[in-house]
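Analysis of the macromolecular model
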Amino acid sequence: MRPVETCPAVSTDDTLETAVAVLRAAGARGEPAVLVLTPDRRPAGILTLDGILHAFEPDFVETTGWRLPVVWSGFFGDKCREGARRRVADVMRALDSVPAVDPGDPLPKAVHLMRATGLPLLPVARGERIIGMLRINDMLAAIEQAIS
């Protein structure tokens, strides 16, 4: 578990332009996602690479029987510039929709919840207070230790 205070984070009010830079830097350090904090520094959500990619995914032209991605020249750049102005709060996964683990919970519970949510981070809560984030890297270390 990584304490909340040391997690790479962005604010709910940040733009996706800022979030992309923070997530990219965090990814280079092996962090699979970033914590999203409210302006008063309370944990509010998780922002993953998948969330970012979804925000910049091409639109589709749909008609009866078929869908075609809109990929003409220049469109992706336009889509990125437009998406960069969106707020993190619009694309994050809210923590109130993510199950938390307790510091004393057994490893199999955490493995199950991580798989069920599809998230590389899970909140760790003591009562109602989120005290840290359990990362997929933490899970891999525990699995590696169990194998040895």
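In this report, we go over the structure that sits alongside the text. Treat the numbers as computed from the prediction; the structure is a model and nothing was measured.

Some details on the pairing of strand S4 (residues 43-48)
The buried fraction of S4 is high, at five of six residues. As paired elements, strand S3 (residues 33-37) and S4 share five bridges and run antiparallel to each other. In the strand pairing of S4, Leu-37 is matched with Pro-43. Counting the residues in the hairpin turn of S3 and S4 gives five residues, including Arg-41, whose phi is positive at 70°. As paired elements, S4 and strand S7 (residues 93-94) share two bridges and run antiparallel to each other.

Considering the sheet that holds strand S8 (residues 121-126)
Strand order in this open sheet of three strands is S1-S9-S8, and the pairing throughout is antiparallel. The open sheet has two edge strands with one neighbour each: strand S1 (2-3) and S8. Note that S8 and strand S9 (residues 129-135) share six bridges and pair antiparallel. In the sheet register, Val-124 faces S9, and the bridge partner there is Gly-132.

Quick word on the pattern of salt bridges
Taken as a whole and judged by the stated rule, the model has six salt bridges. Residue Arg-42 is joined to Asp-40 by a salt bridge in which the shortest nitrogen-to-oxygen separation is 3.1 Å. Between Arg-135 and Asp-138 there is a salt bridge; the shortest N-O distance is 2.9 Å. A relative accessible area of 17% places Asp-138 in the buried class.

Observations concerning the sheet that holds S3
Note on sheets: strands pair through backbone hydrogen bonds, and any given pair is parallel or antiparallel. Spatially, four strands are ordered S2-S3-S4-S7 in an open sheet, and the strand pairing comes out mixed. The open sheet has two edge strands, strand S2 (9-11) and S7, and neither has a second partner. Across the sheet, helix H1 (residues 16-28) lies against S2, S3 and S4, angled at about 135° from S3, the strand it touches most.

Conventions adopted
Residues numbered from 1 in each chain as written. Predicted model: local features only at pLDDT ≥ 70, side-chain atom pairs only at ≥ 80, totals over all residues. Heavy atoms only, no water. Buried < 20%, exposed > 50% of the residue type's maximum accessible area, 1.4 Å probe, protein only. Helix = DSSP H or I, 4+ residues; strand = E, 2+ residues; numbered from the N terminus. Pairing = 2+ DSSP bridges. Salt bridge = Lys/Arg side-chain N within 4 Å of Asp/Glu carboxyl O. Contact = heavy atoms within 4.5 Å. Axes fitted to C-alpha atoms, helices over the stretch in contact; angles between N-to-C directions.

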